[in-house]
Amino acid sequence: DPSGEFIFFQCRSGPFIPTLRLLHRYPDILPKYQVDRGAIRFVLSGANIMSPGLTSTGGRMDDVPAESIIAVYAEGKEHALAIGVTTLSTETIRSENKGVAVENTHYLKDGLWLLRRHGEAAA
């Protein structure tokens, strides 16, 4: 954007994915998954999201197919804490309830979050 802030990123030759900064401005651009409180610290350390963290009492999921880009919210919080790509469909996550459900591609305070215009680090 004109201020030099990154608004999309791409992993290898994959799709363009919005950054959290853009998602915080436009929260409805991606389907939403919500993790329970127990998963928050793991997501914020870059861990992938396991199915039980989404299917427990505090979890919620919009219906999406596998390999969808989704926003990850935390139980009781207003803004997304991560963006990921589903490894399974919502239906499969609910029925099997095991394994990695979402690959965590970008989360609060990661390198992309801290990166500013043209290699400048945020304070």
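See the structure above.
Counting restarts for each chain, with residues numbered from 1 along the sequence as it is written. In keeping with the model being predicted, local features are shown solely for residues with a pLDDT of at least 70 and side-chain atom pairs are shown and tallied solely at 80 or more, while totals for entire chains, interfaces and linings include all residues. Working from all heavy atoms in the structure, the side-chain values ignore hydrogens and water.

**Some points on the sheet that holds strand β6 (residues 69–74)**
For step 1, the next point in the chain: A pair of strands is considered paired only if DSSP assigns at least 2 bridges between the two. Secondary structure counts use DSSP, requiring at least four H or I residues in a row for a helix and at least two E residues in a row for a strand, with both numbered from the N terminus. The six strands are arranged β4-β8-β7-β6-β3-β5 in an open sheet whose pairing can be described as mixed. Two strands lie at the open edges of the sheet, namely β4 (49–50) and β5 (60–61), each paired on one side alone.
For step 2, the next point in the chain: Here β4 runs beside strand β8 (residues 100–107); their pairing, made up of two bridges, is antiparallel. Its bridge partner lying in β8, Met50 is registered against Val100.

**Quick look at the pattern of salt bridges**
For step 1, the next point in the chain: The term salt bridge refers to a side-chain nitrogen of Lys or Arg lying within 4 Å of a carboxyl oxygen of Asp or Glu. The full count for this structure, using the stated rule, is two salt bridges.
For step 2, the next point in the chain: Asp28 is paired through a salt bridge with Lys32; the nearest N and O atoms lie 2.7 Å apart.

**Examining empty space enclosed by the protein**
If a probe as big as a water molecule is rolled over the atoms, it shows which places are left empty.
For step 1, the next point in the chain: Any residue with an atom within 4 Å of a point lines the site, the site being either a cavity, points on a 1 Å grid over the protein atoms alone where a 1.4 Å probe fits but cannot get out, or a pocket, an open set with protein on both sides within 12 Å along at least 5 of 7 lines. Grid points are joined across faces, edges and corners, and a volume is the space filled by probe spheres set on the points. Inspection of every chain in the model, using the stated rule, returns one cavity of 30 Å³ or more.
For step 2, the next point in the chain: Put simply, the largest cavity is a space of about 50 Å³.
For step 3, the next point in the chain: Looking at the largest cavity, the residues that line it are Glu5, Phe6, Thr19, Leu20, Arg21, His106, Leu112, Trp113 and Leu115.
For step 4, the next point in the chain: Elements supplying a minimum of two residues to the lining of the largest cavity: α1 (20–25) and α5 (111–114).
For step 5, the next point in the chain: Counted by class, the lining of the largest cavity contains five nonpolar, two polar and two charged residues. For this classification, the nonpolar set comprises Ala, Val, Leu, Ile, Met, Phe, Trp, Tyr, Cys and Pro, the charged set comprises Asp, Glu, Lys and Arg, and every other residue, Gly included, is treated as polar.

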